[in-house]
Amino acid sequence: MSRQLPIVARTPFPRAAGPQLADAQLRGNLRRATRTIRDKRAAVVAEVPDWELLRDRAAAVKDDVLDRLPQLLAQFEAAATAAGAVVHHAADAARANAVVADLVRAQGVDQVVKVKSMATQEIGLNEALAAVGVTAIETDLAELIVQLAEDTPSHILVPAIHYNRSQIREIFARRMPGFAADSDEPAVLAAAARVYLRRTFLAARVAVCGANFAVAETGSLVIVESEGNGRMCLTLPDTLIAVVGVEKLLPRFADLGDFLRLLPRSSTGERMNPYTSIFTGVTPGDGPQRLHIVLLDNGRTTVAADPVGRAALRCIRCSACLNVCPVYERVGGHAYGSVYPGPIGAILSPQLTGQDAGANRTLPYASTLCGACYDVCPVKINIPEILVHLRQAGKPPAAERAAMGLLAWTMRDRRRWRAALRAARAGGRPLRALTRRGGGRLRRAPWPLSAWTAHRDAPLPAAESFRDWWSRTHGR
Amino acid sequence: MRIALFVTCLNDALFPQAGIATVTVLERLGHTVEFPAAQTCCGQMHANTGYAAPARELERGVEAVFAGHDAIVSPSGSCVAHLRTHTGLPVYELSELLVDVLGSIDVGASFPHRVTYHPTCHGLRVLRLRDRPLRLLAAVRRLELVDLPESEQCCGFGGTFALKNAKVSGAMLADKCANAVATGADYLAAADSSCLMHIGGGLARRPGAPRPIHYAEILAATPGSGPVP
Ligand code: SF4
């Protein structure tokens, strides 16, 4: 398949960020929304005295999963199959899409309902189904808004975070069949969506979902949601197809407890999420009578083999890291060019696709390494460490490499360093005289330092370096 | 106590006053400061930009220069964070040394100005300096400390991020400067000259904004020490 995956950035991040930064409405929407979730999260996390212990345990469980991936996958498959599910394996996106398309067509339908799922976003399933004449209808409210707007999601948990409610009313008025409300009250908008979706649920014979967790011991899938739309999709249609990334495994059913405490508090800032569905295989006469589980690799085995980068596979897609990220807050999700935006996107997209895909190589640089993401991550992914690790495999411009090399060479030796300091001071002398009225600072500099002075003044070398001061005052 | 100073390459070349202030405070408290002259750079910028090999050489260089010292102080949160993560050296950020090791909260300073404090990211999240710098500042005579709104937000520096993602960095800087201006402070203090270079460069373009200052310079100030540059 030649279509590019929705985890490949087409535009280098610095360039993609430009228009987003200039959009005052977007920045306002993002600022308000991220701050609200951020504060809610902080409040409910502070209530849990053993939060750090939970994080450590959850990280250890996920690392164990990555260590024993083939074994646990086999165990999951055996248990799920015994319970009546059919398990498929998909090495990449194209294979997963083909498997799902065949399963849907085998049921003779041209429409499926969907539970919000990052794995199906990652492989571009909706587009692949559309190509074979099947319409996939998103039933999560925010996901539906994005779909109606023919837009792409900009946040993992709140895909429509870049819209405010009056923009959402407009989208509904334009695109939702039968929408007539002229109010943008959240309750009115939600009610309109509910009426529209209710009709869709009742007609649906096939549903597609992902999974938050897959339990190897029992073959169970677990879906955590807030709106009840997922519960509808998981119970009403008679065929259910789940696309599940292989890293979603947990070894034991008992492992779920910690994760169900960590996830809602980290993602929506709730003590517990409203709907948790746990289902195992098929129960005759109750719920879907055909359950297909597509286990998706799509680069994950390769990532799991990188001793530093693999920690990204612990991710439970809570999006806490997005909500605290100062870069995400200013540019939004679209600048990352992937369905995985923000800090997790910057380490996950380039690893899943390989750094040579599109502009994904620019993503690990989209961070100041401020560390706010690492602090909130419920599975303790050291995101700054992985960002630096990925930068080491980077291909910087020759001029940058030369400059960094020269700098390191100078600094490896005290005599060269001292000579450089003296040269800089001498070079700075006329500039200091010229800029005396500006407080000895440079307002405009030639390229490449113009990137600096476009936003801030540059300092000049000091009239006396520290080491010269030291020799003068403490010298021998 | 004998304390070795790692001044950092940035302070050495551009902001010697931060190093001078560190020496001044420690000597005033009766300690002996040593400056191993072979020191240059800790390798932080190279490491964070992805140049692991030259970074490692610079880290090994610092280890060799400071081998055998029991206490090393540095007036830079991010360089201390880097050395603590990448070497085994006993290195302290100035406020850690003063508060935890020397137990000196009141260092005898006087600074008759309104000051706001920006906790830089590495000090905040890697070193976990918490309120140490603020406790030191609160003990300075005649100093009025005012809260910086959204203080824990990154200023947007991020080393080469400021050049590679100049626009995003500029947007983050603009917010930090607006919050600093809103305090009405005379000075914005921080524990890292690199962040101060970036924030200060932005403040310089905003009339009536606070001036950037390393908090060590405030701790060094006494009634007789003359005007701060
Ligand atoms: S990286 Fe951590 S904080 Fe970010 S979405 Fe994944 S689990 Fe949540």
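Residues numbered from 1 in each chain as written. Chains lettered and ligands numbered in written order. Predicted model: local features only at pLDDT ≥ 70, side-chain atom pairs only at ≥ 80, totals over all residues. Heavy atoms only, no water.

Asker: Tell me about the site of the ligand, and please be specific about residues and values.
Answerer: Near the ligand the following residues occur: Cys315(A), Ile316(A), Arg317(A), Cys318(A), Ser319(A), Cys321(A), Ile344(A), Cys377(A), Pro378(A), Val379(A), Ile381(A) and Ile383(A). Residues belonging to the shell around the ligand are distributed by class as follows: 10 nonpolar, 1 polar and 1 charged. (Near = heavy atom within 4 Å. Nonpolar A, V, L, I, M, F, W, Y, C, P; charged D, E, K, R; others polar.)

Asker: Let's hear about the packing of helix α3 (residues 51-67) of chain A against helix α12 (residues 256-267) of chain A: which residues, and what values?
Answerer: Residue and element names in this part refer to chain A. Running from N to C, α3 and α12 point in directions that differ by 115°, and their axes come no closer than 10 Å. The angle between α3 and α12 places the two elements in the roughly perpendicular class. You can see that α3 and α12 cross each other, and the crossing is left-handed. For the pair α3 and α12, the contacting residues are Trp51, Leu54, Arg55, Arg57, Ala58, Val61 and Lys62 in the first and Asp258, Phe259, Arg261, Leu262, Arg265 and Ser266 in the second. (Axes fitted to C-alpha atoms, helices over the stretch in contact; angles between N-to-C directions. Helix = DSSP H or I, 4+ residues; strand = E, 2+ residues; numbered from the N terminus. Parallel < 35°, antiparallel > 145°, perpendicular 65-115°, else oblique. Left-handed = near helix turned anticlockwise from the far one by under 90°. Contact = heavy atoms within 4.5 Å.)

Asker: Tell me what's going on with the packing of aromatic side chains, and back it up with residues and numbers.
Answerer: One pass over the structure, following the stated rule, counts 13 aromatic pairs over all chains. Residues Trp470(A) and Phe35(B) carry aromatic rings whose centres are separated by 5.6 Å and whose planes lie at 45° to one another, so their mutual orientation is tilted. Remark: Phe35(B) occurs in the loop between β2 (32-34) and α3 (44-49) and Trp470(A) occurs in helix α22 (residues 466-474); the pair is interchain, linking two chains. A single burial state applies to Trp470(A) and to Phe35(B), both of which are buried. Between Phe6(B) and Phe66(B), the aromatic rings sit 5.9 Å apart at their centres with planes inclined by 85°, giving edge-to-face as the arrangement. With Phe6(B) in the loop between β1 (2-5) and α1 (9-13) and Phe66(B) in helix α4 (residues 52-66), this residue pair connects regions lying 60 residues apart in the sequence. Per residue, the accessibility class of Phe6(B) equals that of Phe66(B), and both read buried. What links up through ring pairs into an aromatic cluster is the set Phe466(A), Trp469(A), Trp470(A) and Phe35(B). Directly above the aromatic system of Trp409(A) lies the positively charged group of Arg416(A), at a separation of 3.9 Å from the ring centroid. (Phe/Tyr/Trp six-rings, centres within 6.5 Å; stacked < 30°, edge-to-face > 60°. Buried < 20%, exposed > 50% of the residue type's maximum accessible area, 1.4 Å probe, protein only. Lys NZ or Arg CZ within 6 Å of the ring centre and 35° of its normal.)

Asker: Please give an account of the UniProt feature "domain: Cysteine-rich" (unreviewed entry) in chain B that cites residues and values.
Answerer: Residue and element names in this part refer to chain B. Those residues carrying the UniProt feature "domain: Cysteine-rich" (unreviewed entry) are residues 3-84 and 115-199 in this numbering. Structurally, residues 3-84 comprises 57% helix and 11% strand, and the distance from its first C-alpha atom to its last is 17 Å. With 48% helix and 12% strand, residues 115-199 has end C-alpha atoms that lie 15 Å from one another. (UniProt positions renumbered as here; feature names shortened; annotations may be inferred.)

Asker: Give me the interface of chain A and chain B: which residues, what numbers.
Answerer: One frequently used descriptor of interface size is the decrease in accessible area upon assembly of the parts. If you look at the interface, chain A gives 59 residues, while chain B gives 64 residues. The contact between chain A and chain B buries some 5300 Å² in all, and 61% of this surface belongs to carbon and sulfur atoms. The largest share of the area that chain A buries against chain B comes from Met404(A), Arg456(A) and Phe466(A), three residues that together contribute 13% of it. Put simply, chain A and chain B have 9 salt bridges between them. Residues Lys164(B) and Glu400(A) are paired through a salt bridge, measuring 2.5 Å at the closest nitrogen-oxygen approach. The interface formed by chain A and chain B contains 27 residue pairs in polar contact (both at pLDDT 80 or more). No other element matches the 6 residues that helix α19 (residues 398-411) of chain A contributes to the side of chain A that touches chain B. For the side of chain A that touches chain B, the class distribution of residues is 31 nonpolar, 9 polar and 19 charged. (Buried area = accessible area lost by both parts, 1.4 Å probe. Salt bridge = Lys/Arg side-chain N within 4 Å of Asp/Glu carboxyl O. Polar contact = N/O pair within 3.5 Å; in protein donor to acceptor, adjacent residues only side chain to side chain.)

Asker: Lay out the domain arrangement of chain A with the relevant residues and their values.
Answerer: Per the domain assignment, the segments of chain A are domain 1 (50-301) and domain 2 (405-474). Placing the centre of domain 1 of chain A and that of domain 2 of chain A at their C-alpha centroids yields a distance of 56 Å. (Domains from an automatic or database assignment.)

Asker: Let's hear about the side chain of Asn126(A): which residues, and what values?
Answerer: With respect to the element layout, Asn126(A) can be found in helix α7 (residues 125-131). Look past the residues within four positions of Asn126(A) in its chain and what remains in contact with it is Lys114(A), Ala136(A), Glu138(A) and Gln147(A).

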